[in-house]
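For reference, the chains in residue letters:
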Amino acid sequence: MNGENIISAFRKVTLKFGRMVSQRDDSEDIRDALQEAFLRVWSRRESLADESHAEGLLTVTARNLRIDSLRRRSEHFGDNSADDTSDQISSPPDESAEELYGEIDTLADRILSPRDKEILYHRDKDGWDFEELAQYYDLSVGNVRMIVSRARNKIRTIYNTRHNQ
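Student: Describe in detail the overall build of the protein, supporting the description with residues and values.
Tutor: Within the protein, the regular secondary structure consists of 7 helices and 0 strands. Traced from its N-terminal end to its C-terminal end, the protein shows the element sequence α-α-α-α-α-α-α. Split into buried and exposed, the 165 residues of the protein put 32% on the buried side. Sequence-distant contacts in the protein: of pairs separated by 6 or more residues, those separated by 24 or more amount to 64%. Accessible surface, the protein: about 10,800 Å² in total, of which carbon and sulfur atoms supply 49%.

Student: Summarise helix α2 (residues 27–42); cite the residues concerned and give the values.
Tutor: A rise of 1.5 Å per residue sets the reference length of α2, with its 16 residues, at 22 Å; its end C-alpha atoms lie 22 Å apart and thus fit the reference within 8%. Within the span of α2, buried status applies to Ser27, Ile30, Ala33, Leu34, Ala37, Phe38 and Val41. Viewed along the axis of α2, the buried residues span an arc of 140 degrees, placing them on a single side of the element.

Student: I'd love a proper account of helix α6 (residues 130–137), names of residues and values included.
Tutor: Of all the positions in α6, only Phe130, Leu133, Ala134 and Tyr137 are classed as buried. The buried residues of α6 occupy an angular sector of 100 degrees when the element is viewed end-on, so they sit on one face. The exposed residues of α6 that point more than 90 degrees off its buried face are Gln135 and Tyr136. Tucked into the core, α6 has its buried residues touching α5 (114–124) and α7 (141–162). Count one or two residues on from α6 and you reach Asp138, which has phi positive near 55 degrees.

Student: Account for the nonpolar core, with residues named and values stated.
Tutor: Counting 18 residues, the largest nonpolar core has Leu112, Ile119, Leu120, Val144, Val148 and Ile155 as its most contacted members. Counting residues per element, the ones that place at least two in this core are α4 (97–111), α5, α6 and α7. Looking at this core element by element, the count peaks at 6 residues for α7. The next biggest cluster of nonpolar side chains, apart from the first, holds 16 residues, and it includes Ala9, Val13, Leu57 and Leu65.

Student: Requested: an account of the layout of surface pockets, with residues and values cited.
Tutor: Taken as a whole, the second largest pocket holds about 300 Å³ of empty space. Lining of the second largest pocket is provided by Arg40, Thr61, Asn64, Leu65, Ile67, Asp68, Arg71, Arg72, Val141, Gly142 and Arg145. Contributing elements (two or more residues each) for the lining of the second largest pocket: α3 (51–76) and α7. Here the lining of the second largest pocket takes 7 residues from α3, the largest share from any one element. Classifying every residue of the lining of the second largest pocket by side-chain character gives 3 nonpolar, 3 polar and 5 charged.

Student: I'd like a rundown of the environment of Arg44, residues and numbers included.
Tutor: Along the chain, Arg44 falls in the loop between α2 and α3. For Arg44, a relative accessible area of 46% gives the class partly exposed. Counting along the chain gives 10 residues from Arg44 to Ala54, while the straight-line C-alpha distance between them is 9.5 Å.

Student: Tell me what's going on with the packing of aromatic side chains, and back it up with residues and numbers.
Tutor: What the rule picks out here adds up to 4 aromatic pairs. Ring centres of Phe10 and Phe38 lie 4.9 Å apart, and the angle between their planes is 55 degrees; this geometry places the pair in the tilted category. Linking Phe10 in helix α1 (residues 3–22) with Phe38 in helix α2, this pair joins segments that are 28 residues apart in sequence. Taken together, the aromatic side chains of Phe10, Phe38 and Trp42 make up a single cluster linked through ring pairs.

What counts and how
Residues numbered from 1 in each chain as written. Predicted model: local features only at pLDDT ≥ 70, side-chain atom pairs only at ≥ 80, totals over all residues. Heavy atoms only, no water. Helix = DSSP H or I, 4+ residues; strand = E, 2+ residues; numbered from the N terminus. Buried < 20%, exposed > 50% of the residue type's maximum accessible area, 1.4 Å probe, protein only. Contact = heavy atoms within 4.5 Å. Areas by Shrake-Rupley, 256 points an atom, 1.4 Å probe, with all protein chains shown as cover. Expected span 1.5 Å × (residues − 1). Arc of directions from axis to C-beta. Core = buried A, V, L, I, M, F, W, Y, C linked by side-chain atoms within 4.5 Å. 1 Å grid on protein atoms, 1.4 Å probe; cavity = no way out; pocket = protein on both sides within 12 Å on 5 of 7 lines; lining within 4 Å. Points joined across faces, edges and corners; volume = space filled by probe spheres on them. Nonpolar A, V, L, I, M, F, W, Y, C, P; charged D, E, K, R; others polar. Phe/Tyr/Trp six-rings, centres within 6.5 Å; stacked < 30°, edge-to-face > 60°.

Okay, here's the thing in structure tokens:
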């Protein structure tokens with residue numbers, strides 16, 4: 001695919017995101033995500049079939065980069081609003097944190113595969129980024145996110161069932 005088609009697709013995507021940019025305080029971050037998406041798609045231009053393929057890839061890449069940026073910012077400021085709050089386990093008020101962690105560790109040992117448990121612990125206890133985990137385990141970032149999400153969900157479901165919540 002030639003560069004002109006990618007540039008044309010980039011203009012279309014920029015117009016779509018342009019409405020958002022004019023209405024938001026974080027317009028510079030959105031522009032940065034668009035430019036980063038363009039660079040990533042440009043490097044893959046030989047594998048693109050046509051302009052609509054490039055446009056779709058630009059849109060998805062820019063959106064994902066923006067989500068990652070918001071998550072990094074929320075982690076930096078200690079805000080968890082960008083995370084899925086359904087990952088939280090509500091503990092009984094009289095249970096100490098140490099008992100709660102012990103019970104969760106026991107559940108993880110019992111229901112998760114060794115690899116999934118290790119990935120979850122590296123993510124939640126050691127603070128590894130999804131990108132680091134993907135590289136270390138030779139998986140895609142999306143696959144690592146799915147493993148972490150499913151592991152949390154399994155533990156949360158069993159824990160909440162045991163405590164009738």
